[in-house]
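Examining the three-dimensional arrangement
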Amino acid sequence: LHASCPLGDLEVAFIIDSSGSMVRNDKERLRVSKSEEFIEALSAPKNIAARFNSRGYLLSSSQSVSYVKSTFNLVGQTVGTNIGDGLEKAFNAFSANGTGQKIAILLTDGKSSESKINAMLTKAKDEKIKIFTIGLGSPAQLNEALLLRLAKETGGQYYHVAKNIDIGTAYQSILSDITCGVPVESCALPSQAFSSPTIEYTSSDVFMYTDVKE
């Protein structure tokens, strides 16, 4: 990860899923280690961290990279998924009179009540908060339409990552977008390009059969 463009008065919020299903979908806790790498690489002047399970928790408000990075270890994996409450805690921590760019990065592996999320989408648009969303795991467990809408209507981007190992690649694309204003046009994420791939072995060859997403 490497930042290549000026950041200005940037404020970035990390909203990270702490639900119990992360025991299965991210047992290596890459959402923590990759977030630590990302925050160091971006080096924004103001940083916010929040986590959510059945409710949202603010871990840090508008602090330095080193301080906020240390709070990521508080991201666990217990009980439910309240995305809206996590967004609210983070959004309320943005500087009220800040003039710089406001970025929110939501990482989740589940679904949640849409009413509060829709209210947070309205708040994001009113306060010019750009949302990047990362959906981890099976599409059947995600509300991809909602995650896509959060991103699209605020000028961000949605990333589906089937495996936790691809979280870092999604972060790299977000980093490029934030620092240069140009999203990476890439098929680096297999889950972005392929649908239901299967592998077939013969005595001398390996074949992959797959549908390709538009």
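Preceding block: the structure.
Let us look at the structure shown here.

About the criteria used
Residues numbered from 1 in each chain as written. Predicted model: local features only at pLDDT ≥ 70, side-chain atom pairs only at ≥ 80, totals over all residues. Heavy atoms only, no water. Pairing = 2+ DSSP bridges. Helix = DSSP H or I, 4+ residues; strand = E, 2+ residues; numbered from the N terminus. Axes fitted to C-alpha atoms, helices over the stretch in contact; angles between N-to-C directions. Contact = heavy atoms within 4.5 Å. Buried < 20%, exposed > 50% of the residue type's maximum accessible area, 1.4 Å probe, protein only. Arc of directions from axis to C-beta. Phe/Tyr/Trp six-rings, centres within 6.5 Å; stacked < 30°, edge-to-face > 60°. Lys NZ or Arg CZ within 6 Å of the ring centre and 35° of its normal. Parallel < 35°, antiparallel > 145°, perpendicular 65-115°, else oblique. Nonpolar A, V, L, I, M, F, W, Y, C, P; charged D, E, K, R; others polar. Patch = residues over 30% accessible without salt bridge, like charges linked within 9 Å, V, L, I, M, F, W, Y side chains within 5 Å. Areas by Shrake-Rupley, 256 points an atom, 1.4 Å probe, with all protein chains shown as cover. Salt bridge = Lys/Arg side-chain N within 4 Å of Asp/Glu carboxyl O. Core = buried A, V, L, I, M, F, W, Y, C linked by side-chain atoms within 4.5 Å.

1. Examining the sheet that holds strand S5 (residues 129–136)
In space, the 6 strands of this open sheet follow the order S3-S2-S1-S4-S5-S6, with mixed pairing throughout. Among the strands making up the open sheet, the edge pair consists of strand S3 (56–63) and strand S6 (158–161). This sheet shows a mean twist of 15° between the axes of neighbouring strands, independent of strand direction. Each of strand S1 (11–17), strand S2 (46–52) and strand S4 (102–108) touches helix H2 (residues 30–42); the most contacted strand, S1, lies at about 175° to it.

2. A look at helix H6 (residues 144–152)
Buried within H6 are the following residues: Leu146, Leu147, Leu150 and Ala151. Along the axis of H6, the buried positions cluster into a sector of 135°, meaning they face one direction only. Summarising the geometry of H6, the exposed residues directed more than 90 degrees from the buried face are Ala145 and Lys152. Turning to H6, the residues buried within the fold contact S4, helix H5 (114–126), S5 and S6.

3. Quick word on the packing of aromatic side chains
Enumeration over the complete set of coordinates arrives at 4 aromatic pairs. Geometrically, the ring pair formed by Phe14 and Phe72 is edge-to-face, given 5.3 Å between the ring centres and 70° between the ring planes. Remark: Phe72 occurs in the loop between helix H3 (65–71) and helix H4 (83–91) and Phe14 occurs in strand S1; sequence separation between them is 58 residues. The class of Phe72 is buried, set by a relative accessible area of 0%. Here a set of aromatic residues connected by ring pairs shows up, and it is made of Phe14, Phe38, Phe72 and Tyr171. Between the NZ or CZ atom of Arg51 and the centre of the ring of Tyr57, over which it lies, the distance is 4.2 Å.

4. Quick word on unusual backbone geometry
The phi dihedral of Arg29 falls on the positive side, at around 55°, and the residue is not glycine. Phi is positive for Lys128, which is not a glycine, with a value near 55°. Along the chain, Lys128 falls in the loop between H5 and S5. By relative accessible area, Lys128 is classed as exposed at 68%.

5. Some details on the packing of H5 against H6
Contact geometry for H5 and H6: axes closest at 10 Å, N-to-C directions at 10°. When the axis of H5 is compared with that of H6, the two are roughly parallel. Contacts from Glu114, Ile117, Asn118 and Leu121 in H5 reach Leu146, Arg149 and Leu150 in H6. Residues of the contact of H5 with H6, tallied by class, amount to 4 nonpolar, 1 polar and 2 charged.

6. Points about a nonpolar patch on the surface
On the surface, Ile199, Tyr201, Val206 and Met208 cluster together into a nonpolar patch covering about 450 Å² of accessible area. Counting residues per element, the ones that place at least two in the nonpolar patch are strand S7 (194–201) and strand S8 (206–212). Tracing the sequence through the fold places Ile199 in strand S7. Among the residues examined, Ile199 registers a relative accessible area of 47% and is labelled partly exposed.

7. With respect to the nonpolar core
As a rule of thumb, nonpolar side chains are buried together in soluble globular proteins. Residues Phe14, Phe38, Ile105, Ile134, Tyr171 and Ile174 are the most contacted members of the largest nonpolar core, which totals 31 residues. Element by element, the count of residues in this core is highest for helix H7 (residues 167–180), at 6 residues. Membership of the second largest hydrophobic core comes to 25 residues, among which are Ala90, Ala104, Ile129 and Leu142.

No statement about biological role is implied by the geometric values presented.
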